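Analysis of the macromolecular model
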Amino acid sequence: MPRHDLVLLALDDATLLQLMQRALQAKSYETAIASGRVALEKIVQEAIPALVMLGEQFDGQLGVKIACEILERFPTMPILIYAERESMVLYKEVLQAGLSGCLYPPLRNDDIIGAVERSLQRARALGDWLRREVKRTTASLERRANLSEAELQRYEFILANIDDGVIILDEEGKIQLMNKAMMVAFDLPDKGYQGKPVLEIIDHPDFSILLNRAQMAPLKYHEINFDDGRIYNAQYTPLEGIGSVITVQDISYLKQVDRLKSDFVHTVSHDLRSPLTSVLGYTELVGRVGPLNEQQIEFLDRIRSSVESITSLVNELLDLSRLEAGLDTRHEIVRLENVLKFAMDTLEGQFRLNNLSLQSDIAEDLPEMRGNPIRLRQLLDNLLTNATKYAPPGTTIHISLQAEDNLIIFSVADEGPGIPQSEQGRIFEKFYRASNVPEQVDGSGLGLAIVKSIVDSHQGRIWVESAVDKGSTFFVVLPAYISEKPS
Ligand code: ADP
């Protein structure tokens, strides 16, 4: 098949050159002759031949070495080496260098043309394959790029249409993304916020508190109260390598239901207090107006004990409603270890009565905190009482009070019945008692709700780690008081 490809001949031997030139031209190949190393470089660079025929030695240099240099710049260029003698060593070198092959005398025209055509065919096949691969890779990259574009659009669509407000900030607190619900919540215009510091765009005191406290940890939730009565719950989540995301949910209706419930409970418990006091008073008086038989005395005792437990329930309810209404604002500097020691002293009799051992680990030099000492005492009392109530006799209760990173960490661990995993989130709700509460253990289900309210009013956190039949550990983390005076 006639060819018009350019074959560059770089051979020292003039007779050989003529032979090759004739053979190639007879098959319509174009030929160029390199007179030396410099000319060879120039032709390769400028004309980019379809094939190079190199002498085993050319212009005083090894053909294979020259070929390697050419391949560095034109890796797919076919190169044939012509040698005077057949040699295994040369053949190996040619193979290792990735050249097309070798030619040896005696040379017939067909041998020359055959070798040239095979080399060109291989080079073409290689070129085709390379082009196909490049095309395939490009198409696959394009498909992937399109896919991520489509995915991005899908996520943007989801984000834009969820009811919760979402805002993504970079590490400097500048806005990266904000969805429609967030703009509606804070009554913001549709655009003009990208890349701006969030506090410049969202000017709300509760939002600033959330951001400031989130930097200091551990507060991740905060309520945002709007002047028009709406209440949102805002949640802050740090995003490694991105910044942070803040989501807000409208909880106005939940708050309203809760308020109605609390008002109802408050009114009922308040109204129950006076008749209960009067029932209790009359149980005392009955005995004074005439002699009572043994059975009457026993019945009166039962009435008294029932009225006392209703009274304590009513008092707990009133307590809770006062806490929930946020009426408990009296805060002073408190040393929690002192409050804890008093609570432990008071409960010592109970520990002994229930045959429980007590192990306490109270760190020295604990920082102070700001809080209401009466409420903090109530918090510790409730948790310690629960431990004594639920732990079986003969077991040990571990109490610990430590400080870490401006936080005071209290924990109480018992070896009691534990709390089923699925119910652990609910035990802080009012009146909730877990399904595995031992029958003989009385309770109203209000103690932990009170504890939770006290923890919340001190900007702390409470959680439980528990396993059924193994025991429970309650943790309370409270912020330490940081003096504003320079130290
Ligand atoms: P109660 O008056 O029932 O003790 P609390 O509000 O103090 O109410 O606790 C709520 C529920 O949490 C309890 O009824 C019990 O199921 C579970 N609970 C609390 N403390 C413990 C504990 N130390 N061990 C096992 N369960 C506990």
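Values in this document were obtained by computation on a predicted structure and should not be read as measured data. (Residues numbered from 1 in each chain as written. Predicted model: local features only at pLDDT ≥ 70, side-chain atom pairs only at ≥ 80, totals over all residues. Heavy atoms only, no water.)

**Re helix α10 (residues 294-324)**
Here is the rule: For helices the rule is a DSSP run of H or I covering at least 4 residues; for strands it is a run of E covering at least 2, with both sets numbered from the N terminus onward. Each residue after the first adds 1.5 Å to the expected span of a helix. For this analysis, residues touch if any pair of their heavy atoms sits within 4.5 Å. Counting of polar contacts relies on pairs of N or O atoms within 3.5 Å, with two restrictions inside protein: one atom must be capable of donating a hydrogen and the other of accepting it, and residues adjacent in sequence are counted only when both atoms are side-chain atoms.
Its 31 residues give α10 an end-to-end C-alpha distance of 45 Å, which sits within 8% of 45 Å, the value for a rise of 1.5 Å per residue. Packed against the buried residues of α10 are α9 (252-286), α12 (373-390) and α13 (447-457). For α10, the side-chain oxygen to backbone nitrogen distance between the N-cap and Gln295 is 3.1 Å, and the N-cap itself is Asn293. Gly326 sits one or two positions beyond α10 and adopts a positive phi of about 70°.

**Thoughts on the sheet that holds strand β8 (residues 165-170)**
Operational definition: When DSSP locates at least two bridges between a pair of strands, those strands are taken to pair. Lines fitted to C-alpha atoms define the axes here, with helix axes fitted over just the stretch in contact, and angles between the N-to-C directions of these axes take values from 0 to 180 degrees.
The strand order β9-β8-β12-β11-β10 describes an open sheet built from five strands, whose pairing is antiparallel. Two strands close off the open sheet at either side, each with one partner strand: β9 (175-178) and β10 (221-225). Across this sheet, the average inter-strand angle for adjacent strands is 20°, counted without regard to direction. Lying over the sheet, α9 contacts β10, β11 (231-239) and β12 (243-250), oriented at roughly 125° with respect to β11.

**Observations concerning the packing of aromatic side chains**
Counted only if it meets this: Working definition: a ring pair exists when centres of Phe, Tyr or Trp rings (six-membered ring for Trp) sit within 6.5 Å. Plane angles under 30 degrees give stacked, over 60 give edge-to-face, the rest tilted. Exposure categories follow from relative accessible area, calculated using a 1.4 Å probe and restricted to protein chains: below 20% of the type maximum is buried, above 50% is exposed, and the middle band is partly exposed. We call a charge positioned over a ring when the NZ of a Lys or the CZ of an Arg lies within 6 Å of the ring centre and within 35 degrees of the ring normal.
Under the defined criterion, the tally for this structure stands at five aromatic pairs. Ring plane angle 80° and centroid distance 6.4 Å describe the contact between Phe428 and Phe474, whose orientation is recorded as edge-to-face. Taken together, the residues Phe428 in the loop between β17 (407-414) and α13 and Phe474 in strand β19 (residues 471-479) connect sequence positions 46 residues apart. There is no split in this pair, since Phe428 and Phe474 are both buried. Taken together through their ring pairs, the aromatic side chains of Phe186, Phe207, Phe226 and Tyr232 make up a single cluster. Positioned above the aromatic ring of Phe226, the side-chain terminus of Arg230 is 4.1 Å from the ring centre.

**Considerations on the layout of surface pockets**
Once rolled over the atoms, a probe with the size of a water molecule shows which space is left empty. What counts is decided by this rule: Only protein atoms enter the 1 Å grid used here. Points where a 1.4 Å probe fits but cannot escape make up a cavity, open sets with protein on both sides within 12 Å along at least five of seven lines make up a pocket, and a residue lines them when an atom lies within 4 Å of a point. Grid points are joined across faces, edges and corners, and a volume is the space filled by probe spheres set on the points.
By volume, the largest pocket is sized at about 2,000 Å³. Taken together, 41 residues make up the lining of the largest pocket; nearest its centre are Glu223, Lys255, Lys452, Ser453 and Asp456. Every element with two or more residues in the lining of the largest pocket is listed here: β10, β11, α9, α10, α13 and β18 (461-467). Among the elements that line the lining of the largest pocket, the one with the most residues is α9, at eight residues.

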